[in-house]
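What the coordinates show
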Amino acid sequence: PHSISYYNRTSFPSDFLFGTASAAYQYEGAAFEYGRGPSIWDNFTHQWPNSSSNLTFAEKTNGENGDVATDFYHRYKGDTQIMKFLGMNAFRFSISWSRIIPTGKLKDGVNPKGILFYKNLIDDIIAKGMVPMATLFHWDLPQGLEDAYGGFLSSKVVADFADFADLCYKHFGDRVKYWITLNEPWTFCWQGYDIGTLAPGRCSAWMNRNCTGGNSGTEPYIVGHNMLLSHAAAVKVYRDRYQVAKSCNIKSSSSSSSSSSSSSSSSPSSSFNSFIFLVVRSQPSNQALEKYQKGKIGITLVSHWFIPYHNTTADSDAARRAIDFMFMTPIHYGHYPKIMQKNVGSRLPSFTAAETVIVNGLNYYTSNYAADVSYVNPVNLSFSTDNHANLTTHRDGVSIGIPEGVNDFYVYPQGLTDLLLYIMTKYQNPTVYITENGMGQVDVHEVEKGVNDPQRAVFYADHLKAVETAMNSLIFGTNPASHDRGGANVKGYIAWSFSDNFEWSAGYNPRFGIVYIDYKKNLTRHLKRSAYWFKKFLLA
Ligand code: PNW
């Protein structure tokens, strides 16, 4: 059923991007070398006390860390060679902020070795015939900023992030045409500030999770808000100083745009006023245009798909509430959904003037059932329970898909089609790049077993099919003619992940790669069956 003879790259547009993804802390290693400053992940994995606290991050990462990781810092040329061999035309990586600005603050100085590393990496990706996609922030905040003002808890981070982004555009923007500001604010807020399992490991005391402090009911929203503002600031720097698009695309008030079935987050047209896309500027001369970078910039959001547990209005409302908490609405419309405003109340910050972008990265891993929660504890409030939805992986004892053993992920390809169609209808068919999609496996410690991963090949075949189905779905009838297929406007598919790597607080046990890393034997690379599946799919 998963034969690729009738289904391969040619089923997608010829300019579609196919690639794999990585992230600096999960891959690079060389954590304390070549002038890199520490990030909150170095502190978290080494269980060092936060400077303002005597507590440690005990037991959170099982003693494992990203000091060496896959040693990508030294081995990237071999890795990009493998990507080229597989027929990939894109590669997503992230830039370690503290590798190029060791303290996080531009005025403290830059690290030329760090700049050189990314310049060389980018040149190499391009030399191998691939498009570099750079993420500016994949969770590794410079520890200097955590110490100075509490990192993303402070709005001071916005200016520092904009400076960092500016430096990246300046040095790399001549060759990087795809910029991703932030990776998954939802996961960072939820696991970093609500349940405390990702750096900086904060949560409410009542959670009894050995956190260094925190408030699960307020901090995730403050951090989320500062992340959205940081994203907007970095986009603005790009548009004002680097991008210069040929045409201006300014969206103004529109009352017809809330075509969504979700009444909970549709909004009055007046709140669309701050919905501005591109900065208008006087026409530069042709010669001056040369120096403009003309790339695309967006954010990567993660979302599960949510299915009502029971076929009832209460549970479909619960599913809508769950998706309303994934930060998609503020990115597209510049305000929080009504249901967030209602359930979170005064704990939710508000935007003064927000900017939004329409080129987006989407990470999809799994789907959940959602059931209505009628009683909410009014004392122990948290980000993950404010949606008043009970999210589960099983219904009446039956799981939604095959369990992966990591992050409570279950394989459910249909959810990707449904999610893409939801985004298409609710947010006026934005351009979407799938920036992560993949599956993990645990307890695979031998090369022979590790490379034999038919489940992962099936996973990719089914999810690519799910993307193609969404792209070809004319089910809503009235799509803009701006693209060919009538359905979701997907432009690329980036698999998570290129190789096995450091899976955050789960350490090295979960393996997400299409390339096996032999941690016991000099980090040697071994292509898995899923990698060969991609090669066949891409070079067909
Ligand atoms: C993503 N969840 O994180 C990250 O972007 C990657 O760095 C990570 O390695 C990958 O997914 C696999 O976990 C997520 O629990 C972590 O819903 C957890 C969740 C979602 C995304």
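About the cut-offs
Here the residue index of a chain counts from 1 through its sequence in written order. Totals for whole chains, interfaces and linings use every residue, but because this is a predicted model, local features are given only for residues with pLDDT of at least 70 and side-chain atom pairs only at 80 or more, for both listing and counting. Just so you know, side-chain values use all the structure's heavy atoms and leave hydrogens and water out. Only DSSP runs of H or I covering at least 4 residues are called helices, and only runs of E covering at least 2 are called strands; the numbering of each starts at the N terminus. In this text, near means that some heavy atom of the residue lies within 4 Å of the molecule or strand in question. Residues adjacent in sequence count toward polar contacts only when both atoms are side-chain atoms; beyond that, a polar contact is any pair of N or O atoms within 3.5 Å, and within protein one must be able to donate a hydrogen and the other to accept it. Three classes are used: nonpolar for Ala, Val, Leu, Ile, Met, Phe, Trp, Tyr, Cys and Pro, charged for Asp, Glu, Lys and Arg, and polar for all others, with Gly counted as polar. By definition, disulfides here are pairs of cysteine sulfur atoms that lie within 2.5 Å. When accessible area is computed with a 1.4 Å probe and restricted to protein chains, residues below 20% of their type maximum are described as buried, those above 50% as exposed, and intermediate ones as partly exposed. In what follows, salt bridge is the name for a side-chain nitrogen of Lys or Arg lying within 4 Å of a carboxyl oxygen of Asp or Glu.

A word on unusual backbone geometry. Here A199 and P200 are connected by a cis peptide whose omega angle stands at 5°. Mapped onto the elements, P200 comes out in the loop between α8 (185–194) and α9 (219–243). A cis amide bond links W496 to the next residue, S497, at an omega of 20°. Position of S497 relative to the elements: it lies in the loop between β13 (490–495) and β14 (515–518).

With that out of the way, let us pick up the site of the ligand. The local shell around the ligand holds 19 residues, among which Q26, H138, N407, E436 and E503 are the closest. At 2.8 Å, a side-chain N or O of Q26 approaches an oxygen atom of the ligand. W504 places a polar side-chain atom, nitrogen or oxygen, 2.9 Å from an oxygen atom of the ligand. Considering every element that reaches the shell around the ligand, the biggest residue donor is α8, with four residues. Of the residues belonging to the shell around the ligand, the class tally is eight nonpolar, eight polar and three charged.

Take the state of the cysteines next. In this structure the tally under the stated criterion is one disulfide. Note on cysteine connectivity: C203 is disulfide-linked to C211, with sulfurs 2.1 Å apart. Judged by the torsion about the S-S bond (105°), the C203/C211 disulfide is right-handed. Each member of the pair, C203 as well as C211, carries the same accessibility label: buried. The thiol of C189 is not disulfide-bonded; the next cysteine sulfur, from C203, is found 15 Å away.

Below, the discussion takes up the pattern of salt bridges. Evaluation of the coordinates by the stated rule reveals 21 salt bridges. Ionic pairing is found between R99 and E28, a salt bridge with its closest N-O pair at 2.8 Å. Taken together, the residues R99 in helix α4 (residues 97–100) and E28 in the loop between α1 (24–27) and α2 (40–45) connect sequence positions 71 residues apart. No difference in accessibility class separates R99 from E28, as the two residues are buried. The partner of R321 in a salt bridge is D372, and the shortest N-O contact between them spans 2.8 Å. Here R321 is found in helix α11 (residues 313–324), whereas its partner D372 is found in strand β8 (residues 367–372), with 51 residues between them in sequence. Salt bridges here are not isolated pairs; linked through shared partners, they connect D123, D174 and R175.

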